[in-house]
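Here is what each chain is made of, one letter per residue.
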Amino acid sequence: QVGVTAQKTMRLLPASGRKATQKVVVGDQDGVVTCFGIKKGEAVPVFKTLPGQKIARLELGGALNTPQEKIFVATGSEVRGFTKRGKQFLSFETNLTESIKAMHISGADLFLCASYIYNHYCDCKDQNYYLSGDKINDVLCLPVDKLHCITPVLACQDRVLRVLQGSNLLYEVEIPGPPTVLALNNGNGGDSGEEVVYGTSDGKLGLIQITGSKPVPKWEIGNDKKRGGILCIDSFDIVGDGVKQLLVGRDDGMIEIYNFESADDPVLHYDHALSESIASIQGGCVGKDGYDEILAATYSGWLTGLTTEPIHREGGSGEELKLSQEMQSKISSLRNELEHLQMKVLQEREKYQQASQSSTAMSSVPAFSVNDKFTLNKDDASYSLILEVQTAIDNVLVQSDVPIDLLDVDKNSAVVSFSSCDSEPNSNFVLATYRCQANTTRLELKVRSIEGQSGTLQAYVTPRIQPKTCQVHQYQIKPLSLHQRTHSVDHDRPMNTLTLKGKFSFAEIHSWVVFCLPEVPEKTPAGESITFYFQNTFLGTQLECTYRKGEGCFKSDNISTISILKDVLSKEATKRKINLNISYDINEESVKHTLQLIHPKLEYQQMLAKKVRLIDALRELQVHEGNVDFLLPKYRSILEEADQLLEEHKRQPAQLERLYGMITDLFIDKFKFKGTNVKTKVPLLLEILDGCDQDGLIAFFEAA
């Protein structure tokens, strides 16, 4: 184990001889670069550097077409180079004002990215520069020796791969999720040298051929098993069939091997679950000659190897005896190490107790790092809050000043208890404590918010360390929290338009949009105007935002979205004492269209609620009568599916109330724009909703 590691900070050095094992080099957040080999199952250090700034990336480099055995690390705004023996030969202080987030090395070319800035250096001299429209998560360059030109590819948060030529954008590639990692297919870009594999934060995987003029998508794998986001990718022939497999590491601890059995699409061949997110993954020969391994580095710094070496040897009793002796010596050395560590812990604890009771004692709060992620899931319109701590978590307290639902997560073994809250203004709406089982370092929560209500969700994380200490992490729930960025919208839908005019700057209106909607880059976009497209993950309605200095235009097929925007934007402008001229164009057809989108969901939830209400009565009948052959088939099917129905109902609490709330808001918003208050008619509307008649509902909306 090393210190906490960031994404892509562990590599295997090329083997020196024909059958020699490979050395592992890893950089951690204490700034230490550690290089070691494995002999007889024990780690043998080669070198270790002194601590410093956090290491954000570690790459291998060297002259083109020679073994890549020089080690480069990105730390702060500096790049350092080490030989495979640990001697530092380079310290290059870049001109970047921010810390380096991503790095790629190809021969004498160095590609660096901070949050929005890309820089290309050749022999440490500045060559090209590009300012991206959204955050850059990763960078790579297509192989120069194959293509004879430099083609950098940036993975950007707005679901786009940006392909550059010099300092200019060559073209953009739209992909289905925010890309977190890029890798060359087969490690060399495939036969053409143009093939790039990407992984997204919502767990999708794809291959795109980056030609000189346009992108050619080859394959794409969705995330049907609802696994974590992808953090690292490598290509390695672990099966030994002459074709490289794709090794994938995810943030929920899954290691996957994809095989190319047919001509094109990869198939999941093997998977293995670890308890922490996989920060780096590599294939190679580390522990024993002749046996390949997959090596993974996890967030808290554990390096784990999965070997192809058979654990149970076949052969005579002599060989079994030899193996058992080998195992016994390994077990006894581990026991000794454990006893030594326990003694050390006791000594340190005593030392701390004595120091804390002395007259000059000063209490120090132990520092610990938390890796957190708060993302919107398109499939079920809920937010995932993932908290990962370098030591075991004791408990997490979740507090929210807006109404939210906390949903069940299958992987979650923590015990949750809810506290009652005062619903007075500016107080808590939700207060829940998650008590974790021993050795839990990763906790996943699911949260569902209500659009139109904005505020802050806070997580108080307390790990199992002494003295007791806690970190608070805050997450913004935005007014239009269920909207997700998309590449385009359907212009044929009936749209409502909201237009704002006033004496505001481009930066001011952009900051208002950032306040309203998720997934908008905080940095004001370059240029004079910008257009963003969004989709509501719950209803499938859409929103188009176009704005510039002094003017903003917002179009949506859902009146409630326009109503929320109008309220929030005018409130933000009032705060800054800016006079707004607001006009709107309401399309009557859009209300009917939105109701048609909501209705199938409403019908399904009402049927589910009805079935769940019948389960107890049907089960009682079953007990009394002994068999249920006399029941109608529809009731028999309810009994057969009872467990699934209850599970689904439990997974989606308050879903029906939420749909009722949306339809009520739509009704009130429709007439609000006409200047009519219809709140007195809401009870009547609820009666119609209970009847679940779509035509009656549309007629009520039109007649009211």
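Residues numbered from 1 in each chain as written. Predicted model: local features only at pLDDT ≥ 70, side-chain atom pairs only at ≥ 80, totals over all residues. Heavy atoms only, no water.

Here the focus is the environment of L60. Within the element layout of this structure, L60 appears in strand β5 (residues 55-61). Counting along the chain gives 353 residues from L60 to S413, while the straight-line C-alpha distance between them is 39 Å. Once residues within four sequence positions are removed from consideration, L60 is found in contact with R11, L12, L13, P14, V25, Q68, K70, I71, F72 and I105. (Helix = DSSP H or I, 4+ residues; strand = E, 2+ residues; numbered from the N terminus. Contact = heavy atoms within 4.5 Å.)

Right, let's get into the nonpolar core. Grouped together as the largest cluster of nonpolar side chains are 77 residues, with contacts concentrated most on V396, Y434, L457, L517, F554, I663 and F701. Filtering out sequence-adjacent residues up to four positions away, I663 remains in contact with L595, I598, L602, L685, L689, L697 and F701. (Core = buried A, V, L, I, M, F, W, Y, C linked by side-chain atoms within 4.5 Å. Buried < 20%, exposed > 50% of the residue type's maximum accessible area, 1.4 Å probe, protein only.)

Let us look at the domain arrangement of the chain. For the chain, the assigned domains are domain 1 (5-224), domain 2 (370-477), domain 3 (483-586) and domain 4 (591-703). Centre-to-centre, using C-alpha coordinates, domain 1 lies 36 Å away from domain 3. The interface is formed by nine residues belonging to domain 1 together with seven residues belonging to domain 3. Carbon and sulfur atoms make up 50% of the area that domain 1 and domain 3 hide from each other, which totals about 760 Å². Of all residues in domain 1, the largest losses of buried area upon contact with domain 3 belong to Y116, R159 and E174, amounting jointly to 58% of the total for that side. Scanning the region where domain 1 abuts domain 3 turns up three salt bridges. Of the charged contacts, one joins E519 and R159 as a salt bridge, the two residues approaching to 2.6 Å between their closest N and O atoms. Where domain 1 touches domain 3, the interface holds three residue pairs in polar contact (both at pLDDT 80 or more). (Domains from an automatic or database assignment. Buried area = accessible area lost by both parts, 1.4 Å probe. Salt bridge = Lys/Arg side-chain N within 4 Å of Asp/Glu carboxyl O. Polar contact = N/O pair within 3.5 Å; in protein donor to acceptor, adjacent residues only side chain to side chain.)

Take the packing of aromatic side chains next. Enumeration over the complete set of coordinates arrives at 13 aromatic pairs. Ring centres 5.0 Å apart and planes at 85° place the aromatic pair F92 and Y121 in the edge-to-face group. Taken together, the positions of F92 in strand β8 (residues 88-93) and Y121 in strand β11 (residues 117-122) put the pair 29 residues apart, joining distant regions of the chain. Since its relative accessible area comes to 2%, Y121 is described here as buried. Ring centres of F374 and Y475 lie 5.1 Å apart, and the angle between their planes is 35°; on these two criteria the pair is classed as tilted. Of this pair, F374 sits in strand β28 (residues 370-377) while Y475 sits in strand β36 (residues 471-477), and the two are 101 residues apart along the sequence. In terms of burial, F374 and Y475 fall into one category: buried. Three or more aromatic residues joined by ring pairs form one cluster here, namely F506, F532, F534 and Y547. (Phe/Tyr/Trp six-rings, centres within 6.5 Å; stacked < 30°, edge-to-face > 60°.)

Here we come to the sheet that holds strand β14 (residues 152-156). Reading across from one edge, β13-β14-β15-β16 is the order of the four strands in this open sheet, with antiparallel pairing throughout. Looking along the sheet, the strands with just one partner apiece sit at the ends: β13 (136-141) and β16 (168-174). Taking the axes of each pair of neighbouring strands and ignoring which way they run, one obtains an average angle of 25° across the sheet. Summarising the sheet, strand β15 (residues 160-165) and β16 pair through six bridges and their orientation is antiparallel. Within β16, the position partnered with V160 by the bridge is E174. (Pairing = 2+ DSSP bridges. Axes fitted to C-alpha atoms, helices over the stretch in contact; angles between N-to-C directions.)

We now examine the layout of surface pockets. Of the pockets and cavities examined, the second largest pocket occupies roughly 1,600 Å³. I38, G41, E42, A43 and K330 are the residues nearest the centre of the second largest pocket, which is lined by 40 residues in total. For the lining of the second largest pocket, the elements supplying multiple residues, two or more each, are β3 (33-39), β4 (42-48), β25 (278-288), β26 (291-298), β27 (303-307) and α2 (317-357). Sorting elements by how many residues they give to the lining of the second largest pocket places α2 first, with nine residues. Residue classes in the lining of the second largest pocket are distributed as 18 nonpolar, ten polar and twelve charged. (1 Å grid on protein atoms, 1.4 Å probe; cavity = no way out; pocket = protein on both sides within 12 Å on 5 of 7 lines; lining within 4 Å. Points joined across faces, edges and corners; volume = space filled by probe spheres on them. Nonpolar A, V, L, I, M, F, W, Y, C, P; charged D, E, K, R; others polar.)

Let us now look at unusual backbone geometry. Located in the positive-phi region is R159, a residue other than glycine, with phi close to 65°. Along the chain, R159 turns up in the loop between β14 and β15. On the basis of relative accessible area, R159 is assigned to the buried category, the value being 6%. Positive phi, normally seen in glycine, also occurs at N439, with a value near 70°. In this fold, N439 is placed in the loop between β33 (430-435) and β34 (442-449).

This brings us to the side chain of S201. Locating S201 in the fold gives a position in the loop between β18 (195-200) and β19 (205-210). According to the relative accessible area criterion, S201 is buried, its value standing at 19%. If we ignore the near neighbours within four places in the chain, the residues touching S201 are P178, T180, G229 and K373.

A few words on empty space enclosed by the protein. Tallying each qualifying case throughout the model produces one cavity of 30 Å³ or more. The calculated volume of the largest cavity comes to roughly 40 Å³. Taken together, G31, V33, T49, Q53, I55, V73, T75, R80 and F82 form the lining of the largest cavity. For the lining of the largest cavity, the secondary-structure elements that each account for two or more residues are β6 (70-75) and β7 (78-82). Its residues assigned to classes, the lining of the largest cavity shows four nonpolar, four polar and one charged.

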